[in-house]
Structures are given as C-alpha cells and as structure tokens.
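Architecture and fold: a report
As a plain string of letters, each chain reads:
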Amino acid sequence: MDSSKQTPDTGKSKLEISLAHNRRYYAFLVFYLVVLSALGSFVNDMYSPALPAMCHFFGCSISLAQMGLSTGMMGLATGQLILGPVSDRVGRKPVLIGALLLFIAGAVVSLLSPDIHFFNACRFIQGVGASGGYFLARTIPADIYTGRNLAGLMALIGAINGIAPASAPVIGGVTADVWGWKGIFVLLAAFAFVILLLSPLMKESLMPSNRVRGPFSATVEGYKSLLTNKAFMTHVCLKGTALGLLFAYISTAPFILQTHYGLSQTHYGLVIGFNSIFVAAGSMLALKFRLLKNAAVTGAWIMAVGIVAEAVALYFIHSIWLFEILIVISLFGLGMIFTSSNTLAMNEGRRNAGEASSVLGIAGYIVGAIVTPLVGIGNILHSSAVTFVILVLVVLFFARATNRIAPDLNK
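Residues numbered from 1 in each chain as written. Predicted model: local features only at pLDDT ≥ 70, side-chain atom pairs only at ≥ 80, totals over all residues. Heavy atoms only, no water.

Quick notes on the overall build of the protein
What the protein contains, in helices and strands, is 16 helices and zero strands. Counting every position in the protein, which comprises 411 residues, the buried fraction comes to 61%. The contacts of the protein with a sequence gap of at least 6 include a subset with a gap of at least 24, amounting to 85%. About 15600 Å² of surface is accessible on the protein, with carbon and sulfur atoms providing 72% of the total. (Helix = DSSP H or I, 4+ residues; strand = E, 2+ residues; numbered from the N terminus. Buried < 20%, exposed > 50% of the residue type's maximum accessible area, 1.4 Å probe, protein only. Contact = heavy atoms within 4.5 Å. Areas by Shrake-Rupley, 256 points an atom, 1.4 Å probe, with all protein chains shown as cover.)

See the structure below:
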C-alpha cells in the first residue's frame, strides 16, 4: 500500500505538491506533528521528576515506582501494534481522535489511584492513548513524502520536538513542587484536550482510495512482509536499542540527580531539559551527512564513548559535573541515531506506513520496558552503569549492520 500516488511529470505525490503551494498549512502540519509526538514524550518525561516523591506517597520501592514507566511503554507499544493497521484501513484522523480521548480518560482516572498498582494500570491506558499521536507523527509524513524530503520533514519535527523532552521535566518538576504528582496528570489531560480541539484543522493524509481493503486478518501479511525485510528490521533494531538506552537514562536520572546528588524536583527538571537540547542538536546534524547511514554510525560511536566513560564514572568518580558532561555527549550521539534510523526505516517500509511506524515505535518500548526496572536493582549507580554498557554494545552492532546496507535513500 502506497498512500501517496505519484504524478507522471514530477514523481511527487499529489499531497506533496499541494503542501508545496500551501505554506500556511505546511507550517500548521509541522506544528501539529510536533505536539502529537510531544504527547508521547510527555507521558514519561513530565512525571519522571515526581518518581522519588511517589515512592514516598505510595510507600513503595524504587523498582515498583519505575514500573509506571514500564507499563506506560507497554501501552505505547500495544497501542501502536493495534492502531497502526487500523489507521491504514479507516484513515489517520479517526484513530487520532479515539486515542486522544482514551489518553484523557486514563490520565483523569489515575488521579483516583488508591495504590501504586492501580496507578501503574492507568499508566498502561495512558500509553495506549498516547501511542496514537506518537506513531502518527511518523506515519503522516511517510504518507506524503519520500527520500530527502521525508528526511528533512522528520528531522525538522525531531529537532523542534527536542523542546518536548527539554521542557517536560521542567514543567513536571515545577508542577510537582507546587501541586504534587496529581497536578502533572491534570496538566497532561489538559494538553491532550488542546490537541483534540485542534484535530479538525488537520487534513486526512491517507485518502480512501489508498486505504487497505479486506479483512483485518490481512494485517498479519503486512507485518510479515516488514518483519522479513532485512533492511527495514536492521534500522528498526538500531532505533529500538538506542531508544531503550534513552529510556534507561530517563528512569535512572531522577534517583541519581535527586536522591544521590540532592537536586530538587525543579532543579532536576531544568538539568534534564538542558540535556535534551543536545538530542535535538544531534538530530539536525545528521542531515548534514550525504548518507544518513554514516550519520548513524558516527552518532553511535559518539554515544558509545560518552556512555562507557559515564559507566566508569558511576562506579568510581562521584561528580555531578562529570555525570552531566558525559551524558550530554551521549545524548548528542543518540539524536544523530534517531533521525537516521527513523528516516531510513520509514522510507524502507512506507508502502505499509501504519504498520511500519508501529513496528518502529514498538521496538523501542519493548527494550525500554525491559531495561527500566533493571536500572533500579541494588545500587542504582552500578546497575545503571552495567545496563548502559550492555545497550551500547548492541547499538554499535546494529549501527554497523545499518552502515552495510545499500542504497541509502531513494533520492
């Protein structure tokens, strides 16, 4: 299924040509895709500063509190698995509206949580709801663009969306200091409601003539063709393990920076926000490479140097300044990987864009859901260091595999 029909004279899709002549809507589309993707980031990043306080509120262990991050990731993965192929059949907008309503319901109900287990269950519902916007932010560009045009739009969205992980911990930290952890989820529900109000302005990117026909069971064939596509799955595994490393950092950072180094929730948010800017910088730098696969390899080695040095520091050198210097180096490299792997994977799997985006998103959340509780076992500095190094080795393996694939982009 190719949702962007090509015109004989230019080779561009009709939607692409239409957007080229409608700069105002193009600007709105970029903005809307940014906020859609931001919702997926906000699901975890905004409430991470409150994790230590929630341990005290619910009287639970660190690992059990971190399970809220894991169940949120499981929801994001499950939602993409189901909603991706549904959107290929009914269109993008109906799926988006339904997912936003589900997220709002999950966020509101979580405010009534009597214990951490009920709260973690609500986190799963929130993840399913947030997954709609998260995967559609990748799918809609692939409906419209190919090659370098696709790379440019996705990198632009990724770079601007660096504001989301940068601002979410700051907003979450300040909100938690003033109104407690419940205030964070009131704010998340309000943010999703604003996105819902803007949804009528977004044009449907998947025309009825380009939607998948036949029984839903045919989705299995779409997933099968993607899972057996070596190039696509190599890019997916690279993105998944790199994203898993980011999630491991997000889940361990509150306890390292707040509990170990004594930062307040607000100061923690400011530090994490500053760090996230380097992800956006790496994302934009990747576009300077003639071949995106070379950007992936370069980013992987930059990230590896930073993470390995960070692991050594976590064991032997307890300095918040050294922790910060090494982590921003690592995040810069991760940003390069994210732009490269996202674009290469979606370009490879664009004929089944909904399913391709789902697989791409699920991979990261599967790895993240596995590693998040691991960094809280025993001495959190040591368990984080070991987990980081293991993930780095896997990322380097898939970066090399990506670099051996040719061609790079179609144009």
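Read on, since the account is not over.
Regarding the nonpolar core
Of all hydrophobic cores here, the largest spans 103 residues; its most connected members are Tyr 249 and Leu 334. Apart from the residues lying within four places of it in its own chain, the contact partners of Tyr 249 are Ile 272, Asn 275, Ile 327, Leu 331 and Phe 388. Residues Leu 226, Phe 232, Ala 345 and Ala 363 belong to the second largest nonpolar core, which totals 13 residues. (Core = buried A, V, L, I, M, F, W, Y, C linked by side-chain atoms within 4.5 Å.)

Quick word on the side chain of Gln 80
By secondary structure assignment, the location of Gln 80 is in helix H4 (residues 62-90). Among the polar contacts made by the side chain of Gln 80, one reaches the main-chain carbonyl oxygen of Leu 76 at a distance of 3.0 Å. With sequence-adjacent residues up to four places away left out, Gln 80 is seen in contact with Pro 85, Ser 131, Tyr 134, Phe 135, Arg 138, Tyr 223, Ser 357, Ser 358, Gly 361, Ile 362 and Tyr 365. (Polar contact = N/O pair within 3.5 Å; in protein donor to acceptor, adjacent residues only side chain to side chain.)

Some details on helix H2 (residues 23-45)
With 23 residues, H2 extends 32 Å from end C-alpha to end C-alpha; this agrees with the ideal 33 Å at 1.5 Å per step. Taken as a whole, H2 carries its principal kink of about 30 degrees at Leu 39. (Expected span 1.5 Å × (residues − 1). Bend = angle between axes of the 7 residues up to and from the residue.)

Thoughts on the packing of aromatic side chains
If you walk through the whole model with that rule in mind, you get 12 aromatic pairs. For the ring pair Phe 57 and Trp 181, a centre distance of 5.6 Å and an interplane angle of 75 degrees mean the geometry is edge-to-face. Taken as a pair, Phe 57 in helix H3 (residues 51-58) and Trp 181 in helix H9 (residues 181-198) lie far apart in primary sequence, 124 residues in all. Taking the relative accessible area as the measure of exposure, Trp 181 reaches 7% and is therefore buried. Here the aromatic rings of Phe 274 and Phe 278 are separated by 5.4 Å at their centres, their planes lie at 75 degrees, and the arrangement is edge-to-face. (Phe/Tyr/Trp six-rings, centres within 6.5 Å; stacked < 30°, edge-to-face > 60°.)

Quick word on a nonpolar patch on the surface
A contiguous nonpolar surface patch, about 700 Å² in accessible area, is contributed by Val 308, Val 312, Tyr 315, Phe 316, Ile 317, Val 386, Ile 390 and Val 394. For the nonpolar patch, the secondary structure elements donating two or more residues are helix H13 (292-316) and helix H16 (380-403). Looking at the nonpolar patch element by element, the count peaks at four residues for H13. Assignment of secondary structure puts Ile 317 in the loop between H13 and helix H14 (320-348). Looking at Ile 317, the relative accessible area reads 43%, which means it is partly exposed. (Patch = residues over 30% accessible without salt bridge, like charges linked within 9 Å, V, L, I, M, F, W, Y side chains within 5 Å. Salt bridge = Lys/Arg side-chain N within 4 Å of Asp/Glu carboxyl O.)

Looking at helix H12 (residues 265-285)
Its 21 residues give H12 an end-to-end C-alpha distance of 31 Å, which sits within 8% of 30 Å, the value for a rise of 1.5 Å per residue. Those residues of H12 lying buried are Gln 265, Tyr 268, Gly 269, Ile 272, Gly 273, Asn 275, Ser 276, Val 279, Ala 280, Gly 282 and Ser 283. Capping of H12 at its N-terminal end is provided by Ser 264; its side-chain oxygen lies 3.1 Å from the backbone amide nitrogen of His 267.

Quick notes on the packing of H2 against helix H6 (residues 116-144)
Geometry of a packed helix pair, given as the angle between the helix axes and the separation of the axes. The geometry of H2 relative to H6 is characterised by a closest axis approach of 8 Å and an angle of 150 degrees between their N-to-C directions. Viewed along their axes, H2 and H6 adopt a mutual orientation that is roughly antiparallel. Relative to H6, the crossing made by H2 is left-handed. Contacts from Leu 29, Leu 33, Leu 36, Ser 37, Leu 39, Gly 40, Ser 41, Val 43 and Asn 44 of H2 reach H6 at Arg 123, Ala 130, Gly 133, Tyr 134, Leu 136, Ala 137, Ile 140, Pro 141 and Ile 144. The residue inventory of the contact of H2 with H6, partitioned by class, reads 12 nonpolar, five polar and one charged. (Axes fitted to C-alpha atoms, helices over the stretch in contact; angles between N-to-C directions. Parallel < 35°, antiparallel > 145°, perpendicular 65-115°, else oblique. Left-handed = near helix turned anticlockwise from the far one by under 90°. Nonpolar A, V, L, I, M, F, W, Y, C, P; charged D, E, K, R; others polar.)

A closer look at the packing of H2 against H9
The N-to-C vectors of H2 and H9 enclose an angle of 155 degrees; their axes lie 11 Å apart at closest approach. In terms of axis orientation, H2 runs roughly antiparallel to H9. The interaxial crossing formed by H2 with H9 has left-handed handedness. Between H2 and H9, the residues in contact are Phe 28, Phe 31, Tyr 32, Val 35, Leu 36, Ala 38, Leu 39 and Phe 42 and Leu 188, Phe 191, Ala 192, Ile 195 and Leu 198, respectively. Among the residues making up the contact of H2 with H9, the classes are represented as 13 nonpolar, no polar and no charged.

Details of the state of the cysteines
Counting across every chain of the model gives zero disulfides. Cysteine Cys 60 is unpaired, with the sulfur of Cys 55 as its nearest cysteine sulfur at 4.6 Å. (Disulfide = S-S within 2.5 Å.)

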